[in-house]
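Inside the fold
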Amino acid sequence: MAGVRALGVLSRLSTRRYAANTSRTFSVAPAMLARTHVSYEVKDDVAVVRMNDPNSKVNTISIQMQNEMTEVMNELWANDAVKSAVLISSKPGCFIAGADINMIQACSSAEEVTKLSQEGQKMFELVEKSPKPIVAAINGSCLGGGLEFAIACQYRIATKSKKTVLGTPEVMLGLLPGAGGTQRLPKMVGLPNAFDMMLTGRNIRADKAKKMGLVHHLVDPLGPGLKSPEQRTMDYLEEVAIQFAKGIVDKKIPLQKDKGMMQKIQDYVMSFEFVRNQIYKTVHGKVMKQSKGLYPAPLKIIECVKTGVEQGPTAGYLAESQNFGQLAMTAESSALIGLYHGQVACKKNRFGSPAKEVKTLAILGAGLMGAGIAQVTVDKGVRTILKDTTVQGLARGEEQVYKGLNDKTKKKSITSFERDSILSNLCGQLDYKGFEKVDMVIEAVFEDIKIKHAVLKEVEAVVSPHCIFASNTSALPIKDIAAASKRPDKVIGMHYFSPVDKMQLLEIITTDQTSKDTTASAVAVGLKQGKVIIVVGDGPGFYTTRCLAPVLVEAVRVLQEGADPKKLDSLTTSFGFPVGAATLVDEVGIDVAVHVAEDLGKAFGSRFGGGNVDVLKTMVELGFKGRKSGKGWYVYEPGRKIKEVNPEIGEILENYRMKANPAVSSDSDVQYRLISRFVNEAVLCLQEGILNGPLEGDIGAVFGLGFPPCLGGPFRFLDSFGADKLVAKMQQFEAVYGNQFSPCQLLLDHAKDSSKKFHK
Amino acid sequence: MHVLLLLVQTKSKKTLARPGVKNIVLVEGVRTPFLLSGTTYANLMPHDLARAALQGLLNKTSLPKDAVDYIIYGIVIQEVKTSNVAREAALGAGFSDKIPAHTVTMACISSNQAMTSAVGLIAAGQCDAVVAGGAEFMSDVPIRHSRKMRKTMLALNRAKTLGQKLSLIGSIRMSHLSPELPAVAEFSTAETMGHSADRLAAAFGVSRLEQDEFALRSHTLAKKAQDDGLLEDVITFKVPGRDIVSKDNGIRPSSMEQMAKLKPAFVKPHGTVTAANSSFLTDGASAVLIMSEEKALAMGYKPKAYLRDFVYVSQDPKDQLLLGPTYSTPKVLERAGLSMSDIDVFEFHEAFAGQIMANLKAMDSDWFGQTYMGRKAKVGTPPMDKFNLWGGSLSLGHPFGATGCRLVTTVAHRLKKEGGQYGLVAACAAGGQGHAMVIEAYPQ
C-alpha cells in the first residue's frame, strides 16, 4: 500500500530505548547480600562506581539498582579516602537505558507509582547535593531515568560515539520524567530546549548535547588498540573522567561555564513572568494542536515545569511525582507501553535464522516503492540491484536513493564519504545481468497479476534455485502470484509501506506453500532493513490492506453524505489518527484506492460495500489521483503549506449524493462507523487465522495504517473500550446499512463475555 | 624451489639477489636542509626546493645532464601553477629538456612512491637510470576562493553583456568572500591527522610521558648526528635573496620538564599529542639517483645500497590511519624471506611520537596481531638500539613529499657506518596507507 505518512511520535519509538526485563524479580535483596548491580573501586582518591545489571544487556533503574546505588553512595560519602566519584556503566553501548518499565507496571495504584517517583527524586537529590563531586561518564544510551540520574550529577562527560544518545522519551510511553527531570532540565538547558526534549522525547546526540549544555565535555571514541574498540573506549572514558574528577576537586576545572552573551540575554528575557507565560501558552497550544488533547502526558509535563519554575522546587517535585503516578494509571500510557512491548517483539525473528544469508538483493521496478526499498537496503551493506525497464524510470529511482542518503548527509547523520560508500552497493540496470548471484528478488512492479506473472517467469529463468521471490504487492493474494512459479516454496509477500525509509512496518505474507526457511529469510532481510515486522497469512488484502479498505469505502460514503474532506479529516484526526481519512486516500493514491476497493470488493462481496467506488473512478478519469498528481480531494502545490479542498470534487460528489440518515450521522457516529469497520475487520483477520495474534494486529494497524497510538491498536482498543459497547454501536449502524456493520463471531464472543480480553 | 633457495640465502645472509631479477641500486641521495616552514625558505616556491635538491644531486654525482632516462617527484600540497613539479624543477635544475618527468602523490610516502616507481621502470627494462625525489613547501599553500565565489567568477568570464556582468557582480555576498583553506583533514573522515594520532595513542594506552620521552630521544639523537657530521645527505643551499643554509633548523633537544608544560594541541584538554611530540610543518626537498647495477658500474659509480623488496599496505583511514608500519613491516620481511632479527638498521617515519609508540605497541601485541592482522602471533618490535639512531621526522623535520628519500638514504648511510647488512624503512601516510622497503648494503 502506498502512502501512509509519518506517524508522529510513535514512528520514533525504537527498541533499545527502554529496557523491559521480564525476568526481573521485585524482592529487595537483603543488605547483607553481595551487590550484583553496582560495584566500586577507589583509584587514588576517586571512587569509580560501575553499574552492570547481570540479567540484561542494558542497565535500567530498578529497585535493586536503586538500593545498591544508595548503599554505595552512603559508603562513599562516609569514606574519607574518597574525594570524588565517577559514575560509569560497564555495558557497551548503554549508560542507563531508562527506568525499568516493569517496576512501574507492577504497581496497582497511582499512589504506589507516586511513591516510586518520590524515592527516585530523593535519591537524585542526595546525588545533587553530594559533598563530593560526582562525574557521570556516559557512553551509549542515557535515557529517561538514566538522564535524570546524569543531570543530578555535578559533571557530565560523554563519548562522541553514534550510540551515545541522551533524551527523555517518557512522553512516548504516556509518562513524564518522574525523577526530577521536569525540574532540573529547564534549569540546565532553558525552558524552550527542556520542553522540546520532554515533549518530543527525541534522542539528542552527544555533540548537540554539548552545545545545549546538557553535557560538559566530550570524548572521542577510540579505534582498536590493545583491546576491542568498545572496551578501550569505555576504559578511556573512565580514565578521562577520573582526571576530570580530580580536576574538579583541585578546582582546576570549573563546574559552571561562564555564560555567553546570548545565554545572558536569554536568561534576562526569561526573568520576566509574562515572557514565560507566553512560552507556556505557545507550547500548550502546539501540544493541543498536535495531540488533539488525546494524550495527557505532554500537558502534565508542561504543568510540572510551570509549577516548578513559578512556585518553587517543593511544589514542582510534588507535582511531578503526583502527575507521574496519575499518568501511569492512564489507558493512554498502557496503550503506548503495550505498543512498545509489541514493537520489541516484532523486532525478533521467530522463524529462526535462515539457511543462507541474503547478500545480494534485486529489486524490480525503480518506482517510489522499489527505490525506497533499495535505500533501506544499501545502507545496511547489502549489495542491491535496482532494475527497471526504462532509463527514465531507473534514473528517477537512483536519484531518489541518492537524495534520501544525501539528505542524511545534510543533516550530518552520515558523512559524504559514508554516503558514497553506501551508494557503491547500488547497481542500477535494465537487464537481468548478474541475477544468477542474487539471493532474493523483491518485485515492486505495477499491480497487475499478468505483469507479476510475467516478471516471476523472467526472474525464475535467470536466478539460481535458492533465490527467493518476494512480491511487494498490497492486495493481490500471494498464492495467485505463486501459481505461475516453478518454486512456490520460495515465493512470499513483502508488503512495504510508503515512504519506505520513514514507515517502520513490513507486512510479510506467507502462503501454505511458502517454506519456513523462506519466511525466516524474508524476516531476516526486513529486520536488517530496520523494520518492525508482522507475519500474516495469505488472502485478499492480507491484514493491513484488508482493514484499510472498508474504512476507505466508508469514508467515501461519508463524503457522499455531504461531509467535506476537511470535516472528514478533522473527525478522523480528532479520534487520534495521525492523518485524516481524506488526506490518507490522497497519499495512498486515488487510483490505488480504486484498485483495492474493487479487488477486495470482489473478494469479500457486500461486506466491503458502502461508498460508491465510481466516485473515485470519476476522479481518476479527471486526473485527480491524489498528491502524486497534484490534485485529489485536495489541491497540492509545491511550497504551499495550507492545502485547499479541490473545488472540482464538489460537483462529482453532488452527482453521487447520498442522503445521510440522521440516526447514524452525528460526528461521533461517523467516527465509530469508520473505526468499527476497521476493528471488526481486524478481529475477523484474527478469527480467520490471517493474524498470528492480537499483538501483531495492533502493531500492524498502528505502524502501517496510523491507527490511533493512544488507543494502542484495534485489539487493545477493544479491551479498554469494551467489545460489548462497540458491538452495540455496530448493531445500530447495521440496522441502517446492513451487513457491512455485522460484528464477526469473535467480536460477538468478546462482547458476550467481558472477562475475555485480547491482551492479558 | 624458489622458496627453498630464498631460505638458503637467508641463512647465509649474504644477499637478497635473485636469479632473473635485476639488481637495482641507490647511487646517491641528497636533500636540502629541512627548515621549519616560514623561515629561510619562506619566499620560495615548491619547485625551487626540488630544483635545489636536483642540483645538489648533479653536483654530488657529477652526473652528465642527459644521463638519466626519467625523473619522478613526489609532493603532497600542490602549487597549482606547477602541478607537474618534477618537470618544472628538472628544467630549472638544468637537466636536458629531453628527459620526461612526472609527479606522484601518496601523502607522506610520496617520494617512496617516486622511488619504487623508478625501481619498477628499471626492473621492467624501460629505464636504466632514474632520478626520484620529493618536495614539500608549507610556507605557502594554495588558498582558494569559496566554491560560490569561484562559480561566479567563472560565469563572469563567460558573461557577454555589461548587464550580465553587473548582475553577476551584484550576486556576490560577503559570505562568498571567505576563503577556503587546503584541507588538513582526512577527506573521508574529516578528522585532522593530529586528532587521529591522539586517538591512536589513547587506543594503545600510550602515555604523554612515553611520547615526550620518545620525542626527546629523537631530538637528542638528531642533534648528536648533526654534531658528529653524520647527516651527509644534507647539501648546502644558497637561498635566493637569503643566506646559505646548510643545516636542519628544527632540531631542539629540550627537557622533559619543559615538554611537560605544553598543552595538548588537538584533543583538549585531556589529549596527549602536543606540538613538542609531533613532527612540525617543514619545507624541504630530497633527491636520489637510482640505477640498475650494471649501469651504475658501467658509469663508474660505487653504489651505496641495493633497493630490494618493498610493499604498500592500506587500512581503515579512521581508526588505523597511522598504523602503516605495523602492517607493512611483517609483510615486507616475509617477501624478502627475512626476520626482524636479520635487520640491522631500522628507519621509521616519525609522524608523531604517539604514532611510533602506538605502532611499537601494536607490533608487540599478540592480540592485535591475531585480531586485526590475521597472524598467529605478534609481529615483534624492532630493538631500540637499531631504531632511528640519527633522529627522525620529529626532530629533523618532515616535508611530507620529501621524507621517503631521506629515510632510504639514511638507511644506506647507516648500513655503511654501522657495518650492517640489511636495513628496513617503514612509513605511514594519510588515507590509512603505509609502506616498507628492505635495503641491502652494497659490498664494500
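- Chain B goes by Trifunctional enzyme subunit beta, mitochondrial in an unreviewed UniProt entry, where it is assigned to Gouania willdenowi.
- Word for word, the UniProt comment on chain B under Sequence similarities (unreviewed entry) is "Belongs to the thiolase-like superfamily. Thiolase family."
- What UniProt states about chain B under its Subunit (unreviewed entry) heading is, verbatim, "Heterotetramer of 2 alpha/HADHA and 2 beta/HADHB subunits; forms the mitochondrial trifunctional enzyme. Also purified as higher order heterooligomers including a 4 alpha/HADHA and 4 beta/HADHB heterooligomer which physiological significance remains unclear. The mitochondrial trifunctional enzyme interacts with MTLN. Interacts with RSAD2/viperin."

- Chain A carries the name Trifunctional enzyme subunit alpha, mitochondrial in an unreviewed UniProt entry, which gives Gouania willdenowi as its organism.
- For the record of chain A, the UniProt heading Subcellular location (unreviewed entry) holds the text "Mitochondrion inner membrane".
- Under the UniProt heading Subunit (unreviewed entry), the entry covering chain A gives this text: "Heterotetramer of 2 alpha/HADHA and 2 beta/HADHB subunits; forms the mitochondrial trifunctional enzyme. Also purified as higher order heterooligomers including a 4 alpha/HADHA and 4 beta/HADHB heterooligomer which physiological significance remains unclear. The mitochondrial trifunctional enzyme interacts with MTLN."

1. A closer look at the overall build of chain B
- The helix and strand inventory of chain B stands at 15 helices and 12 strands.
- Taking 22 Å as the expected radius of gyration for a compact globule of 444 residues, we find that chain B reaches 23 Å, a close match to that expectation.
- Along the first, second and third principal axes, the C-alpha set of chain B runs to 80 × 55 × 45 Å.
- Sorting the 444 residues of chain B into buried and exposed places 57% on the buried side.

2. Things to note about the overall build of chain A
- The helix and strand tally for chain A stands at 30 helices and 20 strands.
- Against the globule reference of 27 Å for 760 residues, chain A gives a C-alpha radius of gyration of 28 Å, in line with a compact fold.
- For the C-alpha atoms alone, the extent of chain A along its principal axes is close to 85 × 60 × 55 Å.
- Here chain A, with 760 residues, has 58% of them falling under the buried criterion.
- Contacts in chain A between residues at least 24 apart in sequence constitute 75% of all its contacts with a sequence separation of at least 6.
- Counting only carbon and sulfur atoms, one obtains 55% of the accessible surface of chain A, whose full area is about 30,800 Å².
- Side-chain charges of chain A comprise 94 positive and 81 negative groups, with the mean position of each set lying 4 Å from the other.

3. Details of the interface of chain A and chain B
- In this complex, chain A contributes 20 residues to the contact, which on the side of chain B involves 19 residues.
- Across the chain A to chain B interface the summed buried area is about 1,600 Å²; carbon plus sulfur atoms make up 63%.
- Of all residues in chain A, the largest losses of buried area upon contact with chain B belong to Pro224(A), Leu226(A) and Phe417(A), amounting jointly to 35% of the total for that side.
- If you look at where chain A meets chain B, you find 0 salt bridges.
- Taken together, the connections running from chain A to chain B amount to 5 residue pairs in polar contact (both at pLDDT 80 or more).
- Every element with two or more residues in the side of chain A that touches chain B is listed here: strand 10 (217–219) and helix 8 (229–249) of chain A.
- No other element matches helix 8 of chain A, which puts 6 residues into the side of chain A that touches chain B.
- Partitioned by chemical class, the residues of the side of chain A that touches chain B number 11 nonpolar, 6 polar and 3 charged.

4. Thoughts on the state of the cysteines
Residues and elements named next belong to chain A.
- Within this structure, the stated rule accounts for 0 disulfides over all chains.
- We note that Cys-346 lacks a disulfide partner, and the nearest cysteine sulfur, in Cys-547, lies 15 Å from it.
- For Cys-346, a relative accessible area of 3% corresponds to the buried category.
- Of the cysteine sulfurs around Cys-467, a residue in no disulfide, the closest is that of Cys-427, at 15 Å.

5. Here we look at helix 11 (residues 296–311) of chain A
Residue and element names in this part refer to chain A.
- Its 16 residues place the ends of helix 11 22 Å apart at the C-alpha level, agreeing with the 22 Å of an ideal helix rising 1.5 Å per residue.
- All buried positions along helix 11 are accounted for by Ala-297, Pro-298, Ile-301, Ile-302, Cys-304, Val-305, Thr-307 and Gly-308.
- Where helix 11 is buried, its residues contact helix 5 (181–189), helix 6 (191–200), helix 10 (273–291) and helix 12 (313–328).
- Positive phi shows up at Gly-312, right after helix 11, with a value of about 95°.

6. Things to note about the environment of Ile77(B)
All names here are of chain B.
- Looking at the element boundaries, Ile-77 is found in the loop between strand 3 (70–74) and helix 3 (85–92).
- For Ile-77 and Ala-183, which are 106 residues apart along the polypeptide, the C-alpha to C-alpha distance reads 9.7 Å.
- Filtering out sequence-adjacent residues up to four positions away, Ile-77 remains in contact with Glu-136, Met-138, Val-141 and Pro-142.

7. Considerations on the pairing of strand 5 (residues 134–138) of chain A
All names here are of chain A.
- Strand 5 sits mainly inside the fold: 5 of its 5 residues count as buried.
- Neither face of strand 5 is exposed, since Ile-134, Ala-136 and Ile-138 on one face and Val-135 and Ala-137 on the opposite face are all buried.
- Judged from the 4 bridges that link them, strand 3 (residues 84–89) and strand 5 form a sheet pairing that is parallel. Paired with Ala-85 across the bridge in strand 5 is Ile-134.
- The pairing of strand 5 with strand 7 (residues 155–159) spans 4 bridges and is parallel. Residue pairing for strand 7: Ile-138 is matched across the bridge by Ala-158.

8. Digging into the sheet that holds strand 13 (residues 426–429) of chain A
Residue and element names in this part refer to chain A.
- A sheet is described by the order of its strands in space; here 8 strands give the open sequence 13-12-11-14-15-16-17-18, paired in mixed fashion. Two strands bound the open sheet, and with one partner strand each, they are strand 13 and strand 18 (532–537). Here the strands of the sheet are splayed against their neighbours by 25° on average, with no regard to which way each runs.
- Pairing analysis gives 4 bridges linking strand 11 (residues 360–364) to strand 14 (residues 440–443), with the strands arranged parallel.

9. Comments concerning the packing of aromatic side chains
Residue and element names in this part refer to chain A.
- One pass over the structure, following the stated rule, counts 28 aromatic pairs over all chains.
- With a centroid separation of 4.7 Å and an interplanar angle of 20°, the aromatic rings of Phe-604 and Phe-608 are classed as stacked.
- For Phe-604, a relative accessible area of 17% corresponds to the buried category.
- Its relative accessible area of 5% is what places Phe-608 among the buried residues.
- The ring centre of Phe-741 lies 5.6 Å from the NZ or CZ of Arg-677, which sits over that ring.
- Lying over the aromatic face of Tyr-672, Lys-729 brings its terminal NZ or CZ to 4.6 Å of the ring centre.

10. Concerning the UniProt feature "active site" (unreviewed entry) in chain A
All names here are of chain A.
- In this numbering, the UniProt entry assigns the feature "active site" (unreviewed entry) to Glu-507.
- Relative to the helices and strands, Glu-507 resides in strand 17 (residues 505–510).
- Glu-507 sits in the buried class, given a relative accessible area of 0%.
- Other than its neighbours up to four places away in sequence, Glu-507 contacts Gly-493, Met-494, His-495, Phe-497, Ile-534, Val-536, Phe-542, Tyr-543 and Thr-544.

11. Quick notes on the UniProt feature "domain: Thiolase C-terminal" (unreviewed entry) in chain B
- UniProt's feature table lists "domain: Thiolase C-terminal" (unreviewed entry) at residues 301–440 of chain B, given in the numbering used throughout.
- Between the end C-alpha atoms of residues 301–440 of chain B there is a gap of 17 Å, over a span that is 37% helix and 21% strand.

12. Structural notes on the UniProt feature "domain: Thiolase N-terminal" (unreviewed entry) in chain B
- According to UniProt, the feature "domain: Thiolase N-terminal" (unreviewed entry) maps to residues 24–294 of chain B in the numbering used here.
- The span residues 24–294 of chain B carries 36% helix and 15% strand; its end-to-end C-alpha distance comes to 9 Å.

What counts, and at which threshold
Residue positions are counted from 1 within each chain, in the order its sequence is given. Working convention: letters from A go to chains and numbers from 1 go to ligands, in the order in which they are written. Residues qualify for local features only when their pLDDT is at least 70, as the model is predicted, and side-chain atom pairs are given and counted only at 80 or more; totals for whole chains, interfaces and linings, by contrast, use all residues. Side-chain numbers come from the whole structure's heavy atoms, not from hydrogens or water. UniProt positions are given in the numbering used here, feature names are shortened, and annotations may be inferred rather than shown by experiment. Only DSSP runs of H or I covering at least 4 residues are called helices, and only runs of E covering at least 2 are called strands; the numbering of each starts at the N terminus. Between the two quantities, the radius of gyration covers C-alpha atoms and the globule rule is 2.2 Å times the number of residues to the power 0.38. Note on classification: 1.4 Å probe, protein chains only; a residue is buried when its accessible area is under 20% of the maximum for its type, exposed when over 50%, partly exposed between these limits. The contact rule is simple, with two residues in contact once any of their heavy atoms fall within 4.5 Å. Note on areas: these come from Shrake-Rupley sampling with a 1.4 Å probe, and a residue is covered only by the protein chains present in the view. By the counting rule applied here, Lys and Arg register as positive and Asp and Glu as negative, while His and the ends of each chain are not counted. Note that the charge is assigned to NZ on lysines, CZ on arginines, CG on aspartates and CD on glutamates. Here the buried area means the combined drop in accessible surface, using a 1.4 Å probe, for two parts upon being joined, counting both sides. A carboxyl oxygen of Asp or Glu within 4 Å of a side-chain nitrogen of Lys or Arg is what we treat as a salt bridge. Within 3.5 Å is the distance limit for a polar contact, defined as a pair of N or O atoms, with the added protein rule that one can donate a hydrogen and the other accept it, and that residues adjacent in sequence qualify only through two side-chain atoms. Under the scheme applied here, ten amino acids are nonpolar (Ala, Val, Leu, Ile, Met, Phe, Trp, Tyr, Cys and Pro), four are charged (Asp, Glu, Lys and Arg), and all others, including Gly, are polar. The rule for a disulfide is simple: a pair of cysteine sulfur atoms within 2.5 Å. How far a helix is expected to stretch is found by multiplying one less than its residue total by 1.5 Å. Here, any two strands with at least 2 DSSP bridges between them count as paired. Axes, fitted as lines to C-alpha atoms, cover a helix only where it is in contact. Angles between the N-to-C directions of the axes lie from 0 to 180 degrees. Classification of ring pairs rests on two measures: the distance between centres of Phe, Tyr or Trp rings, Trp counted by its six-membered ring, which must be within 6.5 Å, and the angle between planes, read as stacked under 30 degrees, edge-to-face over 60 and tilted in between. Look at NZ for Lys and CZ for Arg. If either is within 6 Å of the ring centre and within 35 degrees of the ring normal, a charge sits over the ring.

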